[in-house]
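Chain by chain, the residues run as shown.
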Amino acid sequence: MLIIILTILTIISGILHIIAKRHSTNFYIFKPLTMLFIILMAFQMPATANSTTYKYLIIIGLVFSLAGDIFLMLPTDHFIAGLLSFLIAHIFYIVAFILTGAKLVSALYAIPFLLYGIVLFSVLLPYLKEMKIPVAVYASILLLMSWTAFSRWMVSFPAKSLIAFIGSLSFMASDSILALDRFRNKMTYGQASLMITYFLAQWLIAFSIY
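All values reported here derive from a predicted model rather than from experimental measurement.

Participant: What exactly am I supposed to notice about the overall build of the protein chain here?
Facilitator: Of regular secondary structure, the protein chain possesses eight helices and zero strands. Counting helices and strands in the order they occur from the N terminus, the protein chain gives α-α-α-α-α-α-α-α. For the protein chain, whose C-alpha radius of gyration is 17 Å, the value lies close to the compact-globule estimate of 17 Å for 210 residues. Counting only C-alpha atoms and orienting by the principal axes, one finds that the protein chain spans roughly 45 × 40 × 25 Å. In the protein chain, which comprises 210 residues, the share counted as buried stands at 47%. Element-wise, carbon and sulfur atoms account for 76% of the exposed surface of the protein chain, whose accessible area totals about 10500 Å². Distance from the positive charge centre (12 side chains) to the negative charge centre (5 side chains) of the protein chain: 7 Å.

Right under this line is the structure:
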């Protein structure tokens, strides 16, 4: 019941952030509050003796994501700090997926991830300037995170593994929107689509705790 309540609070808080004017009080309150609800939900997710490590690795990843959110929404530009926070979050997600069954499957399955990363980076490359290396490193870790989530699902096939993989795909969508909106050109409804896919990704990854 508490998980349902926290999910409802996550949706309400997320909507209030999305509709808030940028740099308004509501904008600064409801973004971290939405993540706090997701973190609280993760704490409430039941975990077996075999999945306790997974649970707390995911929670640590969520906490670093919250730190990244705070850096990215500050009035001054802390993009590198935010990028680093999310990179660390993805590393914790990767470790969680690997320790609970992710094994490398056929290299053919990696091709879609690589192609997507190459195409997106090629589109962004003329606009990145001094951010080429940081973005390339972050994108590589993000793709690896989704790849390990996919590998874990392919090996074990439980519903929770599929939920984590879908969450990783939503994270890829969110970060792609962020990169295109920041470096290439502002997108119509970019902020709304960015936050919807981002909050969904984090909720799904939290809900994958078993």
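Participant: Even after reading the chapter, I still don't get a nonpolar patch on the surface, so can you show me in this structure?
Facilitator: A surface patch of nonpolar side chains, about 1000 Å² in accessible area, is lined by Met 1, Leu 2, Ile 4, Ile 5, Ile 8, Leu 9, Ile 11, Ile 12, Ile 15, Leu 16 and Ile 19. Among the structural elements, Leu 2 can be located in helix 1 (residues 2-19). Given the relative accessible area of 42%, Leu 2 is considered partly exposed.

Participant: I tried to follow helix 1 on my own but got confused; where do I start?
Facilitator: Every α-helix carries 3.6 residues per turn, so stepping three or four residues along brings you back to the same face. Compared with the 26 Å implied by 1.5 Å per residue over 18 residues, the 26 Å span of helix 1 between its first and last C-alpha is a close match. Looking only at helix 1, the buried set comprises Ile 3, Leu 6, Thr 7, Thr 10, Ser 13, Gly 14 and His 17. End-on view of helix 1: buried residues confined to an arc of 135°, all on one side of the axis. Turning to helix 1, the residues buried within the fold contact helix 2 (25-44) and helix 8 (190-207).

The rules behind the values
- Residues numbered from 1 in each chain as written.
- Predicted model: local features only at pLDDT ≥ 70, side-chain atom pairs only at ≥ 80, totals over all residues.
- Heavy atoms only, no water.
- Helix = DSSP H or I, 4+ residues; strand = E, 2+ residues; numbered from the N terminus.
- Rg over C-alpha atoms; globule rule 2.2 N^0.38 Å.
- Buried < 20%, exposed > 50% of the residue type's maximum accessible area, 1.4 Å probe, protein only.
- Areas by Shrake-Rupley, 256 points an atom, 1.4 Å probe, with all protein chains shown as cover.
- Lys, Arg positive; Asp, Glu negative; His and termini not counted.
- Charge placed at Lys NZ, Arg CZ, Asp CG, Glu CD.
- Patch = residues over 30% accessible without salt bridge, like charges linked within 9 Å, V, L, I, M, F, W, Y side chains within 5 Å.
- Salt bridge = Lys/Arg side-chain N within 4 Å of Asp/Glu carboxyl O.
- Expected span 1.5 Å × (residues − 1).
- Arc of directions from axis to C-beta.
- Contact = heavy atoms within 4.5 Å.

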